[in-house]
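Understanding the architecture of this molecule
Residue-level listing of the chains:
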Amino acid sequence: MVLAPLLAAALVLSPKETKVTFTLDATAHTVHGTVPLTSGTIQFDAGTGHASGEVVLDLARAQTGNKGRDEDMHGKVLESARFPQAVFRPHQIQGTLRPSGTSDVVLKGTLLFHGAEHPVEIPAKVTLSGSHATADGHLTIPYVAWGLRDPSMFVLRVGKTVEVHLQAAGDLR
């Protein structure tokens, strides 16, 4: 099912209104963190379901609130000096996007992460009110399977996936 009745538009995300958080299970606790949005624009065509654009996250500024853990995350796992950004490039949007109220959609695309491209699907609830849009989405990143270092050591065991929660906001143009 393609998008209808909303016609072609572009959603320009607001870095100030968008919140990207992540969680990672670890021995006896869960790590919580944030990643700032640098920029984001998603164009879509209601007639075809085609999407394009780019959403850029600043991995170099990701943080968990623990200085030592953040240093390890940046230096040993993300290698954020070499790979400072994650870039999502959408190519398709599925679902019916209503001109107002809440709709369920799936955004399909490619995530450029740690120097490699990975196909991803992001299910999201999108709420439109006039030209303002909010979206609540979720993505699981199997970072170890994608070639990043597993930070587990001795008694500290860390999950092999990171759960990413997106609370995006912006304006349709």
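Rules used throughout
- Residues numbered from 1 in each chain as written.
- Predicted model: local features only at pLDDT ≥ 70, side-chain atom pairs only at ≥ 80, totals over all residues.
- Heavy atoms only, no water.
- Core = buried A, V, L, I, M, F, W, Y, C linked by side-chain atoms within 4.5 Å.
- Buried < 20%, exposed > 50% of the residue type's maximum accessible area, 1.4 Å probe, protein only.
- Helix = DSSP H or I, 4+ residues; strand = E, 2+ residues; numbered from the N terminus.
- Arc of directions from axis to C-beta.
- Polar contact = N/O pair within 3.5 Å; in protein donor to acceptor, adjacent residues only side chain to side chain.
- Contact = heavy atoms within 4.5 Å.
- Salt bridge = Lys/Arg side-chain N within 4 Å of Asp/Glu carboxyl O.

Turning our attention to the nonpolar core. Residues Leu111, Phe113, Ile141 and Tyr143 are the most contacted members of the largest nonpolar core, which totals 44 residues. Looking at this core element by element, the count peaks at five residues for strand 8 (residues 116–129).

Listed as buried for helix 1 (residues 67–78) are Asp70, Met73, His74, Val77 and Leu78. Taken end-on, helix 1 shows its buried residues confined to a sector of 125 degrees, consistent with a single buried face. Turned more than 90 degrees away from the buried face of helix 1 sit Lys67, Glu71 and Gly75, all of them exposed. Measuring from the side-chain oxygen of the N-cap residue of helix 1 to the backbone nitrogen of Gly68 gives 3.2 Å; that N-cap residue is Asn66. A positive phi of about 50 degrees marks Glu79, the residue just after helix 1.

Position of Pro84 relative to the elements: it lies in the loop between helix 1 and strand 6 (85–94). With relative accessibility at 35%, the residue Pro84 sits in the partly exposed group. Through-space distance from the C-alpha of Pro84 to that of Thr102 is 33 Å; in sequence the pair is 18 residues apart. For Pro84, the contacting residues outside a window of four places in its chain are Leu57, Asp58, Leu59 and Ala60.

Pairing between side chains of opposite charge can happen when the charged atoms of each approach one another. Using the criterion set out here, one finds seven salt bridges in the structure. Between Lys76 and Asp72 there is a salt bridge, with the nearest N and O atoms lying 3.5 Å from each other. One end of the pair, Lys76, and the other, Asp72, are both in helix 1, four residues apart, so they sit about a helical turn from each other. For Lys76, a relative accessible area of 43% translates into the label partly exposed. Using a relative accessible area of 34% as the deciding quantity, one classes Asp72 as partly exposed.

Take it as geometry only, folks, not as evidence of what the structure does.
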